[in-house]
Amino acid sequence: MSKKFINKVIIDKDKVIKKRNDDVIELYDYLETRNFDNFPKIISKDERNIEYEYIEEKKYHEVTSGVEFIKTVSMLHYKTLFFKDVSKNKYRKIYDKLLQWKDSNNRKPLIVFGARQVGKTYVIREFCKNEFANFYEVNLFEKTDIIELYESNQNADEKYRQLLSFCGIQNEDENTVLFVDEIQESPTLISNLKYINENHPELRIICAGSLLGVMLKRSDNKKSFPVGKVDMLTMYQLDFEEYLMAFNEVNLIDEIRKHYGNNTPMLESMHNKALNYYTSYLYTGGMPEAVQNIVDNDRNIALFDNSIVENITKSYFEDMYKYVANSTETVKIERIFSSVPSQLGN
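My aim in this report is to walk through the structure given alongside it, one point at a time. Every value quoted in this text rests on a predicted model; they were computed, and no experiment measured them. (Residues numbered from 1 in each chain as written. Predicted model: local features only at pLDDT ≥ 70, side-chain atom pairs only at ≥ 80, totals over all residues. Heavy atoms only, no water.)

## Regarding the pairing of strand β9 (residues 204-209)
Here's step 1: Most of β9 is tucked away, with six of its six residues classed as buried.
Here's step 2: Alternating positions in β9 separate into two faces, Arg-204, Ile-206 and Ala-208 on one and Ile-205, Cys-207 and Gly-209 on the other, with burial throughout.
Here's step 3: Looking at chain direction, strand β6 (residues 110-114) and β9 are connected through four bridges and run parallel. Note on β9: the bridge partner recorded for Leu-110 is Ile-206.
Here's step 4: As paired strands, strand β8 (residues 176-181) and β9 are joined by five bridges and run parallel to one another. Following the sheet pairing, Val-180 is matched in β9 by Cys-207.
Here's step 5: Regarding the hand of the β-α-β motif, the stretch spanning β8, helix α7 (residues 187-199) and β9 is right-handed. (Buried < 20%, exposed > 50% of the residue type's maximum accessible area, 1.4 Å probe, protein only. Helix = DSSP H or I, 4+ residues; strand = E, 2+ residues; numbered from the N terminus. Pairing = 2+ DSSP bridges. Right-handed = clockwise from strand over helix to strand, strands pointing away.)

Put into structure tokens, the structure is as follows:
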């Protein structure tokens, strides 16, 4: 038994068949990435039709209906902001800060500092892809000719024009962004960000680099830092809230916030759940690759790949070794870094 309407057929109040609309599918996919579940689920789809679960429409008083509509729109707005991410299950709070930078009327070249392996390159790259029509990327570890360019005796304008040429940039407008990775490799380019800010503010430029490398290389090369001429952000590993977001634990986050704000104890079951998540979080150190591994293994600690954290630690040592003056400093660095866990435990 079925009822026919203009563009849909309701079958036994079990499912709805409608003509396929790719725009609707795209919207559903978007809402799903935001964990927005207040809409009929798609049961199946083919080239012509889409089957949805049937949900009985509720009849509200006009005022009540308006309130419900506002609540729904507010929820969608909240989830869109809260889940603004680079891909599903990879929410990072810094994405919102990058959006604020993009929309700022007083925007300057942006430098994102942070330790290695915290996800700087990944998040910035995805942000640039998602938010700009024209995206250009250069890594100074690989593009050493740009380093050589900025060490040359050419004036700032000539260097800038050649930089655009090296990167293939043709238009300098609000739809174009340049991402310079490993910026610490060129202290002179960092210094020249002042010139870019003052003379070419139309170019959106984001740089990422190791804070340790920037500070030490700047010290060695005696190059001035463009104080007041750049925007700066520091990116860290995932905090506990971001870790919970990786598991879509929105309700748990809300509960923690509520009880923290009210200074009231959580239900024991909910508290134990939070503690279990926190224990697994400590295994990862909040490092994105380690978090992804534990997500893939459904938080089974026995299956966690410890080599991920070990390799990250080794890469930190290698990064620090680049800037030591002698072997004595190397020994000191190893001892200090290795003592941190025991100090935290005391």
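## A few points about empty space enclosed by the protein
Here's step 1: Going through the model one piece at a time under the given rule, you end up with three cavities of 30 Å³ or more.
Here's step 2: Lining the largest cavity are Trp-101, Arg-107, Lys-108, Pro-109, Ile-196, Asn-197, His-200, Pro-201, Leu-203, Arg-204 and Ile-205.
Here's step 3: Looking at the lining of the largest cavity, the elements that each hand over two or more residues are α7 and β9.
Here's step 4: Per-class residue counts for the lining of the largest cavity are six nonpolar, two polar and three charged. (1 Å grid on protein atoms, 1.4 Å probe; cavity = no way out; pocket = protein on both sides within 12 Å on 5 of 7 lines; lining within 4 Å. Points joined across faces, edges and corners; volume = space filled by probe spheres on them. Nonpolar A, V, L, I, M, F, W, Y, C, P; charged D, E, K, R; others polar.)

## What about the nonpolar core?
It is characteristic of soluble globular proteins that their nonpolar side chains tend to be buried jointly.
Here's step 1: Formed by 43 residues in total, the largest nonpolar core has its most connected members in Val-112, Phe-127, Ile-206 and Tyr-243.
Here's step 2: Grouped together as the second largest cluster of nonpolar side chains are 26 residues, Val-138, Ile-183, Ile-190 and Val-230 included. (Core = buried A, V, L, I, M, F, W, Y, C linked by side-chain atoms within 4.5 Å.)

## Brief notes about the packing of aromatic side chains
Here's step 1: Across all of its chains, the model carries 13 aromatic pairs by this definition.
Here's step 2: With centroids separated by 6.4 Å and ring planes inclined at 20°, the aromatic side chains of Phe-240 and Tyr-243 adopt a geometry described as stacked. One end of the pair is Phe-240 and the other is Tyr-243, both in helix α9 (residues 240-246) and three residues apart, which spans about a single turn. With respect to class, Phe-240 is no different from Tyr-243; both count as buried.
Here's step 3: By the ring-pair criterion, three or more aromatic residues cluster together here, those being Phe-240, Tyr-243, Phe-247, Tyr-277, Tyr-278 and Tyr-281. (Phe/Tyr/Trp six-rings, centres within 6.5 Å; stacked < 30°, edge-to-face > 60°.)

## A few points about helix α5 (residues 144-151)
Here's step 1: Where α5 is concerned, the buried positions are Ile-146, Ile-147, Leu-149 and Tyr-150. Axial view of α5: buried residues confined to an arc of 155°, hence all on one face. (Arc of directions from axis to C-beta.)

## Brief notes about the packing of α5 against helix α6 (residues 156-167)
Here's step 1: Viewed as axis vectors pointing N to C, α5 and α6 meet at an angle of 170°, and their least axial separation amounts to 10 Å. As judged from the angle between their axes, α5 and α6 are roughly antiparallel. Two secondary-structure elements touch here, α5 through Asp-145, Ile-146, Leu-149 and Tyr-150 and α6 through Lys-159, Tyr-160, Gln-162, Leu-163, Phe-166 and Cys-167.
Here's step 2: Partitioned by chemical class, the residues of the contact of α5 with α6 number seven nonpolar, one polar and two charged. (Axes fitted to C-alpha atoms, helices over the stretch in contact; angles between N-to-C directions. Parallel < 35°, antiparallel > 145°, perpendicular 65-115°, else oblique. Contact = heavy atoms within 4.5 Å.)

## Focus on the layout of surface pockets
Here's step 1: Computed from the structure, the second largest pocket encloses a volume of approximately 630 Å³.
Here's step 2: Considering the residues around the second largest pocket, the lining is formed by 27 residues, among which Ala-115, Val-118, Gln-237, Met-287 and Tyr-316 are closest to the centre.
Here's step 3: Of all the elements in the fold, those that place two or more residues in the lining of the second largest pocket are β6, α8 (211-221), β10 (231-235), α11 (268-284) and α13 (307-321).
Here's step 4: Here the lining of the second largest pocket takes six residues from α13, the largest share from any one element.

## Describing α7
Here's step 1: Here α7 is 13 residues long and its end C-alpha atoms lie 19 Å apart, about the 18 Å a rise of 1.5 Å per residue gives.
Here's step 2: Listed in full, the buried residues belonging to α7 are Pro-187, Thr-188, Leu-189, Ile-190, Asn-192, Leu-193, Tyr-195, Ile-196 and Asn-197. (Expected span 1.5 Å × (residues − 1).)

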